Every structure is written in structure tokens, then in C-alpha cells.
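These are the residues of each chain, in order.
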Amino acid sequence: MDDRYVIIMAGGVGSRFWPLSRQKKPKQFLDILGKGETLIQQTFRRFKTVCAKENIFIVTSSEHKKLVADQLDINPANILAEPFRRNTAPCLAYGTFRIFKENPDAVIAVTPADHFIIKEDKFIEVIQKSYDFVRQNDALLTLGIKPDRPETGYGYIQADQKKPVAGYDNLLKVKTFTEKPDIDLAQIFLQSGDFYWNSGIFIWNIRSIIGAFEKYLPDIFSAFDESRDVFGTRKESSFIRKTYTECRSISIDYGIMEKADNVYVMCTDIGWSDLGTWSSLYENTEIDRNGNALISGEVFTYDSSGNIFNISPGKIAVVQGLKDYIVVGADDVILIVRKEEEQNIKNYLEDLKRGIGERYQ
């Protein structure tokens, strides 16, 4: 178990969940499901089952380092602070080289901080099998989620059904990665049986991922490799600030996973959601007999259905005649928008910033 490590990526801003998710406290630090745990606390708890907490590293923005320390029982040295947001490839390069300094034989699971998993026992079983596989193989492994609907909000992975891995159930070579499809293509993906949702959860051994950085992202590899000795020392912070200034912004998916020829997918059903939208939150929340979901607060509804409500504690909402709306009452902002229009929330926030500044960001 000592070779098992985890990198939790916690640097996102969660703007789709505005006005609850703000720059000062993004959604991964919120109990957005009303479960008594924030999303990052849920993620940390899940992985402590398969990995010693001393081997769990959190990569977050420098402004959120204290939030991580306040919410998790973790050594401050395991909180890696990014000075700027540079997407997932630099984020994972930082975490990987930091772990390599400590253990060059590590096997690493990588996960976003803000995903929701219902079938936690199944998830733990899958992660354990994934660790075992990558320990013995030069492979970049991702979890593919069996789709149950033609979802247009996720990227997809096409698995090669003709290339199963002996000794492992539902472990296949990856054919292709695809971007978020339109509804017609998503329906074709669902019917084919070859396509799985891209969870953004990865597992690999440390030498495989460092080799992939060297081959496919040599500029990022060189930036971090040139000063390996500074990781875990007082010089690390200034080195990271300099390196991030020079690093380009690129995702691990585009930079490595879509290019590498040793990519595999563990096809599974773990009750997964990336909780990327209010609608996905609605789908993972208990609803009343009128189809309304109440996340927080006290709401009296009349002739209203299909809505999602999140009202600040201590306030009461009385709602009549609404159908399929998102109603969010934060301390200083009220958002009321049709669920089908929620992709425009980012635009509304930009308008707000232009009109009255960044106070409500």
C-alpha cells in the first residue's frame, strides 16, 4: 500500500455553480449536495480507503491552500499550491515530480476533487484493480463510465472490444477519445456499446506518466525535470512560480491521453457524475412528488414542478407557477434561470462583472 499515491486536482473555479460557487470558495469546497461533507472531503475520504493519507497530495490554487488545510486532515506539505491556473497537464506534472522525489516506484491515481460517486464500494474495488494493473504494465489507464443515456455534456472514450486485457474484467485498449457530441451522435454512441463517458480519473505508474510527458509534452517535462532536487525543499515554491510563468496551459487529455498508444480504459458503472451543471445536480438529488429538488433552505411551492432550489439558511422562499427552473439564493445574489438555459450562467456572470465589477465573482 505504501507505493499507492493519489493526486486530487482541486484548482477549478466551478463557475457553472455560481452564485454558490465563487472565486473565494469554489464548488469543491462546498457541501453542494447537502450530504454533510464538501465535495473535496468526500473525495479525500474515498481514497483514504485505498491509500495512506500521507500519500494523498492536493494540487490547488495558492488562494485556496488554507481552505484545503481547514477542510482536510492532511499534512500541509501535501498541499501543492499553483500560483496560476495552467490546466491539468502542468498540474499533474507538478504532483508527479513531487511524488517522484519521494518514491520513484509510485503508482498514482488522479482524480478531480468535485465528482460524485454513488457506488463507493464498487469504486474502491475498481481503483484497487487499476493500481494492480498499472503496477505491472507500462499503461496509462482511465476509468470509462457505462452510459445510461445519450449525454451531450461529457466527452467519450471508444473502447476496442477486440483487445481485452487477459486476467481483468472490462479492461480494454482505447481506440479514440471524442469531444462532447451533439444529441444525434450521443445516441449513436449509446447504441453502439463501444463508447463510455470519460470520467477524468486516471491511474498509472510514475515512470509511465513521466515517460509520456517526455515524449508528448517535452517542454513541460523539461521545465519540471531540470530541477528535480528542489521538490520537497524550501526552494520548491519559487521554482514553481517561475515554472508556471513559463508553462503553457494544456489539458492532460489533449496533451497526452489522445496521443499516446498505451492508453487503456477500465469500463465500469460506479454511479458517477462530474456534477458539472445544476441539471446534473438535480439528477443526483432526491425529488418530491412534484419533481422539485430542494438542496438547501426552506421552500413552499405551489403549482411548481421540475425545479431545483438552493436557498440560503435562515431564509424562506415561496414559489408559485415555476416549471423547470433553477432557483438559487446566495447571501447577496438571487439567480433564477430556466434549466435549459443554464449554459448561459457564465455569460450572465460576465455581464455582471462588466456592469458592477468583480465583487460578486
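Our structure is the block above this text.
Before going into details, it helps to say that this report is about the structure given with it. (Residues numbered from 1 in each chain as written. Predicted model: local features only at pLDDT ≥ 70, side-chain atom pairs only at ≥ 80, totals over all residues. Heavy atoms only, no water.)

Turning our eyes to something else, we now look at the overall build of the chain. The helix and strand tally for the chain stands at eleven helices and 17 strands. For a compact globule of 361 residues, the expected C-alpha radius of gyration is about 21 Å, and the chain comes in at 21 Å, within 12% of that figure. Each principal axis of the C-alpha distribution contributes one length, and for the chain these read about 60 × 50 × 35 Å. When burial is assessed residue by residue, the chain has 54% of its 361 residues classed as buried. Per element, the accessible surface of the chain, about 16,700 Å² overall, is 47% carbon and sulfur. (Helix = DSSP H or I, 4+ residues; strand = E, 2+ residues; numbered from the N terminus. Rg over C-alpha atoms; globule rule 2.2 N^0.38 Å. Buried < 20%, exposed > 50% of the residue type's maximum accessible area, 1.4 Å probe, protein only. Areas by Shrake-Rupley, 256 points an atom, 1.4 Å probe, with all protein chains shown as cover.)

What follows concerns the side chain of Thr38. Along the polypeptide, Thr38 turns up in the loop between strand 1 (4-10) and helix 1 (39-48). Setting aside chain neighbours within four positions, we find Thr38 in contact with Gln28, Phe29, Leu30, Asp31 and Gln71. (Contact = heavy atoms within 4.5 Å.)

Another point: unusual backbone geometry. The omega torsion across Trp18 and Pro19 is 10°, close enough to zero to call that bond cis. Note that Pro19 resides in the loop between strand 1 and helix 1. Positive phi outside glycine occurs at Asn87, with the angle close to 70°. As for its placement among the helices and strands, Asn87 is situated in the loop between strand 3 (79-82) and helix 3 (88-102). Under the relative-accessibility criterion, Asn87 is labelled partly exposed at 39%. One non-glycine residue, Asn170, adopts positive backbone phi at about 60°.

Counting 51 residues, the largest nonpolar core has Ile108, Leu140, Trp204, Phe213, Ile220, Phe224 and Ile256 as the members making the most contacts within it. If we skip the residues at most four places from it in the chain, Phe213 touches Ala89, Leu92, Ala93, Pro218, Ile220, Phe221, Ile252 and Ile256. Core analysis: the next-biggest nonpolar cluster, separate from the first, contains 45 residues, Ile40, Cys51, Ile127 and Phe189 among them. (Core = buried A, V, L, I, M, F, W, Y, C linked by side-chain atoms within 4.5 Å.)

Let us now look at the environment of Tyr5. Looking at where Tyr5 falls in the secondary structure, it is placed in strand 1. Remark: the alpha-carbon pair of Tyr5 and Asp138, spanning 133 residues in sequence, is separated by 17 Å. Not counting residues up to four positions away in its chain, the partners in contact with Tyr5 are Cys51, Asn55, Phe57, Ile99, Glu102, Asn103, Ala106, Val107, Ile108, Ala109 and Tyr131.

Turning next to a nonpolar patch on the surface. A cluster of nonpolar side chains, contributed by Phe300, Tyr302, Ile316 and Val318, occupies part of the molecular surface with about 430 Å² of accessible area. The set of elements that each furnish at least two residues to the nonpolar patch consists of strand 13 (298-302) and strand 15 (316-320). Considering the arrangement of structural elements, one finds Ile316 in strand 15. (Patch = residues over 30% accessible without salt bridge, like charges linked within 9 Å, V, L, I, M, F, W, Y side chains within 5 Å. Salt bridge = Lys/Arg side-chain N within 4 Å of Asp/Glu carboxyl O.)

Moving on, we come to the environment of Phe97. Mapping Phe97 onto the fold places it in helix 3. Under the relative-accessibility criterion, Phe97 is labelled buried at 1%. Separated by 257 residues in the primary sequence, Phe97 and Arg354 have C-alpha atoms spaced 40 Å apart.

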